[in-house]
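Overview (structure and organization)
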Amino acid sequence: MSEPAQAPCMLLGMSTGPHHQISVQDIGLASRTAADGLAVRRPSAFAGQAVRELVSGIFIIRDGVLFDYLRALWDSESFFIEPSACAAFHGAVRLGSMEHFLCAGGLTEKLLQNSCRIVWATGGSLVPEAERRRYLNAGLRYCGVKSSPAAPAVPGNRQPGQAVRPPWALTIRPRPTRFFRQILRGEKYEMLQSERLIYRKISEDDFEVIAKIMRDPGVRRVWGHFFTDGDVRDWIVRRQAGYRSNGIDYLLAIRKTTREAVGQIGLLREQIAGEEVWGIGYLLLSRFRGSGYAAEGARAMMDYAFHTLHALKIVCDIRPANTPSIAVAKRIGMTEAGSFVKIYRGIEMPHLIFQRLRGPA
């Protein structure tokens, strides 16, 4: 079951026990959401108790993610549904990453590969054209694309034999069909793969796993402070800004076999010693260190930078005491090329510069 983050009445009623006797307003939520079909403050007296033993899990979803799904469906299939109907896609996306839930239910990777995920996405044909345009433009903001101010009204869903595309499609760079196929396979935001890892973009829904990584003792030693909830949110915002500006930033590195996140590995556009360069960054959870994941991920990023971004040079800036990261840089063929001082939170932090130049084509 999926519910808006501002109106999770069924989750609240079933998890606390009172069912219809408790409202989302009782816990400080205003029930303000674009998913008006799901904007219910108090659960049904009958429904909660009737389905409690039938529902194995409940997702909550932010409005921004609803708009992302809505826009992807339109770009891929030229088909419009209202925001509340898009909530159903979230289960297909999140299921593959919920390892504890899957293990408890005996849902192995083989079973998931042979499963059929049904998304009940009704509603949308009666939404006025002006509202459709507003919803789709909201989706553009969450996809990191600027909307066209002169965009005309959006036509209705296509009829059999009729191809429908908005006349302003070319001005907003519609996403390819493959993007929507990835959503249904639970691979949203995937960018790269290596032998053992998948690398995908970080979203607001990854708060818990990003907090776990940034609060790992090994990561804290490198950054020199504890990451509060606010720090973690700011970190995610900066990563998403990097995607919009440069197409890539830190990515979530996920094991193919277990779908566990091992850390963050990515490419960052940096100013180092007065020069703008592409830099490789890697932050791994302690329990996954020593398994070669950092070197594997760094090689994948280096290959992407040289062959896709056509970078001439790749660097790593590493604190002198961080010997494991220095070892990784050397393992992927980098050599020490100097040093500089980075200012972080008002503190001067000396860093070594390791680099590798692109070889002949």
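Everything here concerns the structure above.
Below you will find a few notes about this structure. (Residues numbered from 1 in each chain as written. Predicted model: local features only at pLDDT ≥ 70, side-chain atom pairs only at ≥ 80, totals over all residues. Heavy atoms only, no water.)

**Comments concerning the overall build of the protein chain**
Heads up, the condition is: Put simply, DSSP H or I for four residues or longer makes a helix, DSSP E for two residues or longer makes a strand, and each gets a number counted from the N terminus. Only protein chains enter the accessibility calculation, which uses a 1.4 Å probe; a residue whose area is less than 20% of its type maximum is buried, one above 50% is exposed, and one in between is partly exposed. Only heavy atoms matter for contacts: two residues are in contact if any of them lie within 4.5 Å across the pair. The method behind every accessible area is Shrake-Rupley, applied with a 1.4 Å probe, and residues are considered shielded solely by the protein chains displayed.
Scanning the protein chain from terminus to terminus reveals 13 helices and 10 strands. Counting the 361 residues in the protein chain, one finds 47% classified as buried. In the protein chain, once contacts between residues fewer than 6 apart in sequence are set aside, the share between residues at least 24 apart is 62%. Surface accessibility of the protein chain: about 18,800 Å² in total, with carbon and sulfur atoms responsible for 53%.

**Remarks on the pattern of salt bridges**
Heads up, the rule is: By convention in these notes, a salt bridge is any Lys or Arg side-chain nitrogen within 4 Å of a carboxyl oxygen on Asp or Glu.
Scanning the model with the defined rule gives 12 salt bridges in all. In this structure, the salt-bridge partner of Glu-131 is Arg-134, at a minimum N-O distance of 2.7 Å. Residue Glu-131 and its partner Arg-134 are located together in helix H7 (residues 129–143), separated by 3 residues, close to a single helical turn. The partly exposed category is assigned to Glu-131, whose relative accessible area is 27%. The partly exposed category is assigned to Arg-134, whose relative accessible area is 47%. Among the ionic contacts, a cluster of salt bridges with common partners joins Arg-255, Glu-260 and Arg-287.

**Points about the pairing of strand E9 (residues 335–344)**
Put simply, the test is: In this analysis, strands are considered paired if DSSP registers two or more bridges between them.
With 9 bridges connecting them, E9 and strand E10 (residues 347–357) associate as antiparallel partners. Bridging from a neighbouring strand, Gly-338 pairs with Ile-353 of E10. Here E9 folds back onto E10, and the loop between the two strands holds 2 residues, one of which, Arg-345, carries a positive phi near 55°.

All quantities given are derived from atomic positions and should not be read as evidence of function.
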